[in-house]
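What follows is the residue order along each chain.
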Amino acid sequence: MKCCKLGDLTVFLKPQCQEETGVCKLLSSHRIRGGESKIANTWKMKSYQKLATDIPQPTESYAEEESIDGKPPCLRKLSTWWLGVGLLMIVAGLLSGVTMWMLRQVSGSQHGQTPLEKCSAVPEPLRFDCYPERNVVVTKELCESRGCCFIERDQPLGSRSGVPWCFYPPDFPSYTLESLNQTELGMVGLLRRKVKAYYPRDIERLQLSVEFETDTRLHIKITDSTSPRFEVPLEVPRAMKKAENPVYSLEFSKEPFGLLLRRRASGAVLLNTTVAPLIFADQFLQISTILPSKFLYGLGEHRSSFLHSLDWSTLTLWARDVPPTESYNLYGAHPFYLLMEEEGAAHGVFLLNSNAMEVALQPAPALTWRTIGGVLDFYIFLGPDPNMVIQQYQQVIGFPAMPPFWGLGFHLCRWGYGTSNATWQIVKAMRNYQIPQDAQWNDIDYMEGYRDFTFDPEKFDTLPQLVEDLHKHGQYYVMILDPGISSTNPPGSYWPYDEGLRRGIFINTTQGQTLIGQVWPGLTAFPDFSNPDTYQWWLENLNRFHARVPFDGLWIDMNEPSDFKDGSVDGCSPGELDNPLYVPAVLGGSLSAKTVCASAKQSASMHYNLHNLYGLMEAKATASALIQIRGKRPLVISRSTFPSQGRYSGHWLGDNRSKWKEMYWSVPGVLSFNLFGIPLVGADICGFSGTTSEELCTRWMQLGAFYPFSRNHNTQNEKAQDPVAFGSVARTAMKEVLLTRYALLPFLYTLFHRAHLQGHTVARALFFEFPQDVITYSIDKQFLWGQSLLVTPVLEPGVDSVIGYFPRGVWYDYYTKPGSTSWVSSGNPLRLIAALSQNASAWGDLFWDDGESLDTFERGDYSYLVFNVTQNVFTSTVLHANVEATYITVDVLSVYGVREKPSRVTVNGKENPFSYLDNQVLTVSDLNLNLSQGFSIRWL
């Protein structure tokens, strides 16, 4: 569908409806009814006989009985490549909600096959890579030395894409499930490998733990049965009782060991790990599964489309300082994926593991997890819709923090203001043109010699006065901090390093000496945020600086951690931590590339295990310090992230470039981090590096006004790109779209409340609201705010229209409202918009508090209102109120979709003037209704 351009991007509203029920939202609204498209089944199953088992059958079971066609449901659609190579014998039995079977090669069509015939029988999409190493050219001899199949393909020898030449044969040895016993929450089993794998120190005996934690959450953990291994120190919920009515059934293959997870309602196989052998060595852990569809999302952080390609691609998770580039591992690690199934159902899988890893995708469709440490600790979330999957995921990792209200305003920054006075001049110019701005930021040029907790006494001598002026105007100040602490100052001259050294809070080398790297200030040491003592040191440093420059928020950068010297100034050890036998596909080919040595010692473990957690641990320490210093909600924006970080910080998408393609990439980036539980996210508007153009920057401001976190930022030695740097036409366009954002801030704030309270996404993909509409599955050039506001930005140069997809339902153009948008902030009157469904009904809500105090919802210090429209009556019902609501009034109500002009309108029973436009918009103005009291508006 083509829609005309209305001065900037296109914003549409849709009434919220469940079937025909609509919505009314503060300043906007919507919801959906999806189509009937389906995803075709990919794999079919042969018929196998169900045999007796010596395992006792319980009185209750989650497993299905035989189907009417005589095929056991545990095998009817089983997708395993063993099943395509000959007859198998299956031993099946019921055990506490599971089915167990045995896959064993028997005499039949496979008997007498040559090795080549056996290998050729494996379908190409189901060939799982047996030699994923990238530093060698895989030959037939190398491949067969591992006991694997070697069949050449058309791609060049050694190519890392396409069908693997070296792959597992059907009879490759794996683990055997030797025992399985019931527990209070599920079961525990013992796995044993009878034949050693080709990686050193493979673990012979593993413990399998299965917990049916909730009806929609399954927890599966595989670890060494005899020796402890590193596990991520993440607080996760502990189930107190076994799920009573799970929506899933779990089945086991005994030999070779495998898991098969099925959705009970549809019978869809969500996981099937029998397709390739399980390998569990000390520094190489691998498990594969078939996927029920090709619609896979998540697995960050990467520069890619929102929907991943399964065409033999590999996604690496190892935090890295690098400008976002396709195929590279970027700043954060998020081993979580969301997958859309047939008929709109969805599930998610989270691997709780912080070691370097990669996820190999192939068109079967199938997926292989490879990691080089820790344990295999999986959580599976059954949804059944994508919104519920993300909520269930966040029930494990934690819901995001409620940001301060000002954090949702517009932020301005650049590296290269040069002086505090130049920074101040930009702030004054923004005020002069009445362009909304909540926060002013500074990059590292405010520091003295790029040292943390300092400011340049000459160039930034007026920084304290600038911050004071910001506060007088109701604005805020945010500064950057890097973790690298300068180590070259004379003893006694730089307290952060001297005191850190005295307290022993820095990361150490394998010899126990302070590890020295190099970042912006030169030679640096790195705080160990896994050490509880570091929290106090960090707090004291921030407190000392806050006494001089009373900052309001903190921007933590370079926290992968970044090190300009690979490993350290002295290099790294020759040991196996720095040089593991298998290195995932990390940029630079080494774990120490542009970061500290993997062998470095930290309080909680080796950096080998903690690297991907560094940004999370720093964010946690920073948020804690801000709360203690200011006594208010913290605003922390971090570059490196890990699951659960939304509890402590937001994220910006890193050092992007001023290019049109980069603007597009920001949309899937924002959508992905909403999957990851970090909804406070945005990209550097207009691009960080390179020179922007007036057209690009205008379009990017029009998009960036709808990022959950909205900040314009660029680098030094480039032209300024703040709104006041452009001519009147561009400046006016930027101002207008920011005013639109500010008008919508109460709506956005309510979305963040839902994210904080229930784990909702803020910016979301269209398929979240239209899961039955397969067309929406690949859309990542449009997005929604909540359920209600559809944003279709202009992402190409030289155009004055956009192509957008509008799923089935009633849609309204947001810009058809009469009058001009006002800058809505605390204390200003509100405008309500009700967008009616086809049956003329609507629903919406509003959360409101003072915008900055801690735990307002938990303490009951908030207001919550529900709006309804039925039978030509708009009602506002106050479900909870506090004093803040008494300061806010409702001035205007606009109702979209009123099909006939009313003869009169009453407000709380009294007749009131109104206006009506031919586009079916009813507007009632000059209401002056206090938000703390319920009211009704009727039109007749």
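Attention here is on the structure that accompanies the text.

Calculation rules
Residues numbered from 1 in each chain as written. Predicted model: local features only at pLDDT ≥ 70, side-chain atom pairs only at ≥ 80, totals over all residues. Heavy atoms only, no water. Helix = DSSP H or I, 4+ residues; strand = E, 2+ residues; numbered from the N terminus. Contact = heavy atoms within 4.5 Å. Areas by Shrake-Rupley, 256 points an atom, 1.4 Å probe, with all protein chains shown as cover. Phe/Tyr/Trp six-rings, centres within 6.5 Å; stacked < 30°, edge-to-face > 60°. Buried < 20%, exposed > 50% of the residue type's maximum accessible area, 1.4 Å probe, protein only. Lys NZ or Arg CZ within 6 Å of the ring centre and 35° of its normal. Pairing = 2+ DSSP bridges. Axes fitted to C-alpha atoms, helices over the stretch in contact; angles between N-to-C directions. Core = buried A, V, L, I, M, F, W, Y, C linked by side-chain atoms within 4.5 Å. Polar contact = N/O pair within 3.5 Å; in protein donor to acceptor, adjacent residues only side chain to side chain.

**Thoughts on the overall build of the protein chain**
Counting secondary structure elements, the protein chain contains 15 helices and 51 strands. Here the contacts in the protein chain between residues at least 6 apart in sequence split such that 71% fall between residues at least 24 apart. Carbon and sulfur atoms provide 49% of the accessible area of the protein chain, an area that totals close to 32,900 Å².

**Some words on the packing of aromatic side chains**
Throughout the structure, instances matching the rule amount to 54 aromatic pairs. Ring geometry for phenylalanine 506 and tryptophan 537: centres 5.9 Å apart, planes at 80°, overall edge-to-face. Of this pair, phenylalanine 506 sits in the loop between helix 7 (495-503) and strand 28 (517-519) while tryptophan 537 sits in helix 8 (residues 532-546), and the two are 31 residues apart along the sequence. The pair phenylalanine 506 / tryptophan 537 is uniform in exposure class, with both members buried. Among the aromatic residues, those joined into a cluster by ring pairs are Phe453, Tyr497, Phe506, Phe529, Trp537, Trp538 and Tyr614. The aromatic ring of tryptophan 424 is capped on one face by lysine 428, whose charged end is 4.7 Å from the ring centroid. Taking the ring centre of tyrosine 433 as reference, the NZ or CZ of arginine 731 above it sits at 3.9 Å.

**Side note on the sheet that holds strand 51 (residues 935-939)**
Strand order across the open sheet formed by 6 strands is 42-43-44-51-46-47, with antiparallel pairing between neighbours. Among the strands making up the open sheet, the edge pair consists of strand 42 (842-848) and strand 47 (910-912). Averaged over all neighbouring strand pairs, the angle between strand axes comes to 20°, with direction disregarded.

**Observations concerning the nonpolar core**
Membership of the largest hydrophobic core comes to 236 residues, with the highest contact counts inside it found for Trp369 and Tyr446. Aside from chain neighbours lying at most four places away, what touches tyrosine 446 is Thr454, Phe455, Asp456, Phe460, Leu463, Tyr477, Met479, Ile480, Leu481 and Phe545. With 31 residues, the next largest nonpolar core counts Leu126, Val138, Ala276 and Ile279 among its residues.

**Details of the environment of leucine 790**
Residue placement: leucine 790 occurs in strand 38 (residues 789-792). Residue class for leucine 790 comes out buried when judged on its relative accessible area of 0%. For leucine 790 and arginine 764, which are 26 residues apart along the polypeptide, the C-alpha to C-alpha distance reads 9.6 Å.

**Examining the sheet that holds strand 16 (residues 284-290)**
Taking strand neighbours across the sheet as the criterion, the 5 strands line up as 15-16-22-21-18 in an open arrangement whose pairing is antiparallel. On the outer flanks of this sheet lie strand 15 (279-281) and strand 18 (313-317), each paired with one strand and no other. Strand-to-strand, the axes of this sheet are offset by a mean angle of 15°, without reference to chain direction. Strand direction decides the pairing type here: strand 21 (residues 357-362) and strand 22 (residues 366-371), joined by 6 bridges, are antiparallel. The residue bridging valine 359 from the neighbouring strand is tryptophan 369, located in strand 22.

**Overview of the side chain of glutamate 251**
Tracing the backbone shows glutamate 251 in strand 12 (residues 248-253). Reaching out from glutamate 251, the side chain makes a polar contact with the side chain of arginine 262 at a distance of 3.3 Å.

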